[in-house]
Structures are given as structure tokens and as C-alpha cells.
Amino acid sequence: MEENIEKLGQKIKEKIDAIKSMADAESVRVEALGKKGEVIEILKNLKNVEESKRKEVGDKANKLRVEIEELIEKKKEELKELEYEAKIKNAEKIDLTVPVDDKVGSLHPITIVSRELEDIFTGMGFTVEDGNEVETEYNNFEAVNVPKYHPARDMQDTFWLENGEVLKTQTSAAQNKIMKKYGAPLKAIFPGRCFRNEALDASHENTFFQMEGMMIDKNVSISNLIYFMKTLLSEVFKKEVEVRLRPGFFPFVEPGFELDIKCPYCGGVGCKVCKYGSWIELCPCGMIHPRVLEMGGIDPEEYSGFAFGLGLSRLAMMKYNINDLRALNSCDLRVLKQMKIK
Ligand code: DAH
């Protein structure tokens with residue numbers, strides 16, 4: 001019996017040596033160690049072995065089983081390695097000097113809308129600023145008047161980093177830095193990517209774009225805010241739009257508003273875009289809270305200002321008739337090609 005085990009071992013090892021593919025490896029394994037495999041059969045039939053030899057035979061067969069398992073595993077690793085090397089050798093060669101076909105790509109709708117707004121705002125004397133995507137808790141919340149235990153934080157649950165910083169939930173997070181950088185007077189816009197921990201649906205995404213704006217000077221009032229927003233939106237929609245303000249609460253503005261526009265598609269008669277409500281909520285805004293100015297190092301007794309947070313993703317959806325916010329982040333070329341705009 002022991003001799004048989006040795007012979008069997010020899011035979012199986014030869015087969016292992018001859019393995020050329022994963023499929024070979026699997027069939028050798030099944031032949032030896034499968035339910036009805038040769039080594040397994042020996043173990044199953046131990047009860048028929050003479051009692052004095054049973055332990056020895058059992059030990060040998062078990063040793064062989066482990067040895068074969070290890071050899072096959074090793075073989076598989078070698079095969080994987082060879083496969084990888086072959087792939088690298090035959091890898092597709094990319095010729096970086098081939099001229100690019102400039103008809104292939106197109107700007108993303110959000111980039112287009114953002115650039116369009118940047119053009120309009122720079123034409124009105126605003127500078128365009130960059131904001132970080134990772135922000136300190138202070139800039140994202142405290143500096144815009146949302147202290148630690150303020151309930152407004154609940155609406156902007158976000159992704160926290162281990163070092164205590166956050167993926168910014170709003171472009172307002174850059175307000176403080178920009179005020180400290182320029183002081184008053186100042187006119188700036190800052191577009192950016194924002195993040196929130198949202199349950200996703202057609203109008204909620206964990207990643208979206210806003211464009212924040214601030215104007216701070218002596219005697220800035222709500223009329224300035226209305227004028228700038230009306231001018232801007234009329235240019236975006238290429239026609240004179242009517243705007244209205246409704247009260248809205250945001251801790252960093254007082255008073256705060258929701259700015260609506262009369263539906264530019266139906267002129268207010270009612271259509272799918274305005275959901276037959278005639279007005280479309282487009283841009284929260286307000287007069288910057290004195291505490292926020294103060295935290296930015298600007299004297300609220302001398303200066304006042306307005307701020308707004310335009311939903312860029314929202315605007316792009318309206319402009320290009322996209323009805324699912326998720327399409328904008330999908331990276332799905334079939335979707336993006338449908339909106340190939342420029
Ligand atoms: N940061 C606010 C949000 O994401 C939007 C906002 C509201 C910005 C009012 C403003 C503002 O500057 O004045 O919900």
C-alpha cells in the first residue's frame with residue numbers, strides 16, 4: 001500500500017510538471033484531490049487497511065494530499081505570472097505622436113455653463129476664485145455662521161476625513177478665505193465641486209457643482225443683488241428674465257432669500273420645466289450676515305454685501321434639458337455624447 005502511495009505521488013507530480021494552463025491545473029487537481037480523486041479514495045478506504053498499517057498509510061496519504069495541493073497552487077501562481085508577463089510583452093502600443101482628432105471630445109455641460117457665467121461676471125468686474133474641495137470644518141461651517149451644534153449642519157451631512165477635514169458641502173466654504181485675502185471692497189465668484197452624503201435620486205447627488213458669488217462694498221443693498229442676478233440670468237437664458245425674491249433661511253445671510261425666475265421656457269404660462277408653477281427656484285442668496293463679515297476681517301459697520309450660491313448643476317440641467325442629475329456625473333459616454341454641445 002505504501003509503495004502504491006509513493007508511485008501514485010510520483011505519477012501525480014509528473015502530471016503537475018506537465019501543466020500548461022489553468023484548465024490543466026484544475027483537471028489534475030480534480031483527478032487527485034476531487035471528491036473521487038485518487039488520493040481522496042485512499043483516505044476514504046482507510047477502514048479497509050490492516051489495522052497495524054492504518055495510521056502509517058493515513059499519514060502518508062494525508063502528507064501527499066497537502067503536498068499536491070501546495071504544488072498545484074505554486075503552479076497556478078507561476079502560470080499567472082507568465083500570463084502577466086506575456087500581456088506586458090504584447091501590450092497594445094500607443095503612439096502618443098498621432099495627432100488628436102479634435103472632433104472627438106466635447107466640453108462637459110457644467111464646464112460650459114460655468115465658463116459662460118465666468119465670462120458674464122468678469123464683464124461686471126468680478127474676479128474668479130478657486131476653492132478647495134477638501135476644507136477645514138471651520139471654513140465649511142463655523143466661518144459661515146454654522147457653529148458645531150447648529151441644526152443647519154444636519155442638512156449638509158458630508159464626508160469627513162480622518163484628520164477632521166471635510167469634503168466641502170458648499171462653495172460658501174471659501175467665503176472666509178476670500179474675504180481675508182482681499183478685504184473690502186470685493187467682487188468675486190468661486191465655482192466649485194461640492195459633496196454631500198445624500199441618498200441618490202434624479203435630483204440628489206453626492207457630488208454636484210455650485211457657483212458662489214460675493215460683492216462687498218459701502219452701501220451694497222438688496223437692489224444691487226437683484227440687479228446683478230437679473231442681468232446674469234438674462235444673459236444665460238438669452239432673454240430678459242423676471243426675478244422674484246422669497247424669504248429663505250441660511251445662517252450666513254440676513255435677510256436670506258430664495259431667488260426665483262419666471263420660467264424662461266413658457267414665460268410663466270406653465271410647462272414641464274417649471275412643473276406648471278410658472279416660477280423656478282434658482283438661486284439662494286442674501287445680505288451677508290455681519291458676523292460672517294466680521295469673521296472675514298471686514299467691519300460690518302462700514303461695509304455690507306450680498307452673497308449667492310447658484311446651483312451650477314441645476315442650471316446646466318435646465319439649460320440642456322437634462323432631467324436626471326446623475327447623468328452629469330455618470331462618465332457614461334453614451335449619455336455625454338447625447339449632450340455634445342460644443
Ligand atoms: N451654501 C448654500 C447651500 O449650499 C447656498 C447659499 C445660500 C449660498 C445663500 C449663499 C447664500 O451665498 O447667500 O445650501
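Everything quoted here is computed from the prediction, not taken from an experiment.

### Considerations on the domain arrangement of the protein chain
Splitting the protein chain by domain gives domain 1 (2-90) and domain 2 (109-339). Domain 1 and domain 2 are separated by 67 Å when their C-alpha centres are compared.

### Observations regarding helix 7 (residues 175-182)
All of the buried residues in helix 7 are Gln175, Asn176, Ile178 and Met179. Across the axial projection of helix 7, the buried residues extend over an arc of 165°, all falling on one side.

### Structural notes on the pairing of strand 9 (residues 304-311)
The buried fraction of strand 9 amounts to six of the eight residues, a majority that puts the element mostly inside the structure. Where strand 5 (residues 207-217) lies against strand 9, eight bridges are found, and the strand directions are antiparallel. Each residue of the ladder has a partner; that of Asp217, found in strand 9, is Ser304. Bridge analysis of strand 8 (residues 279-288) against strand 9 gives three bridges, and the strand direction is antiparallel.

### Describing the pattern of salt bridges
This structure, assessed with the given rule, holds 25 salt bridges. Put simply, Arg65 and Glu69 hold a salt bridge, and the shortest N to O gap is 3.7 Å. Taken as a pair, Arg65 and Glu69 lie in helix 4 (residues 51-90) at a separation of four residues, close to a single helical turn. Classification of Glu69 as partly exposed rests on a relative accessible area of 40%. Linked by salt bridges that have partners in common, Glu137, Glu142, Lys148 and Arg153 make up one network.

Definitions and cut-offs
Residues numbered from 1 in each chain as written. Predicted model: local features only at pLDDT ≥ 70, side-chain atom pairs only at ≥ 80, totals over all residues. Heavy atoms only, no water. Domains from an automatic or database assignment. Buried < 20%, exposed > 50% of the residue type's maximum accessible area, 1.4 Å probe, protein only. Helix = DSSP H or I, 4+ residues; strand = E, 2+ residues; numbered from the N terminus. Arc of directions from axis to C-beta. Pairing = 2+ DSSP bridges. Salt bridge = Lys/Arg side-chain N within 4 Å of Asp/Glu carboxyl O.

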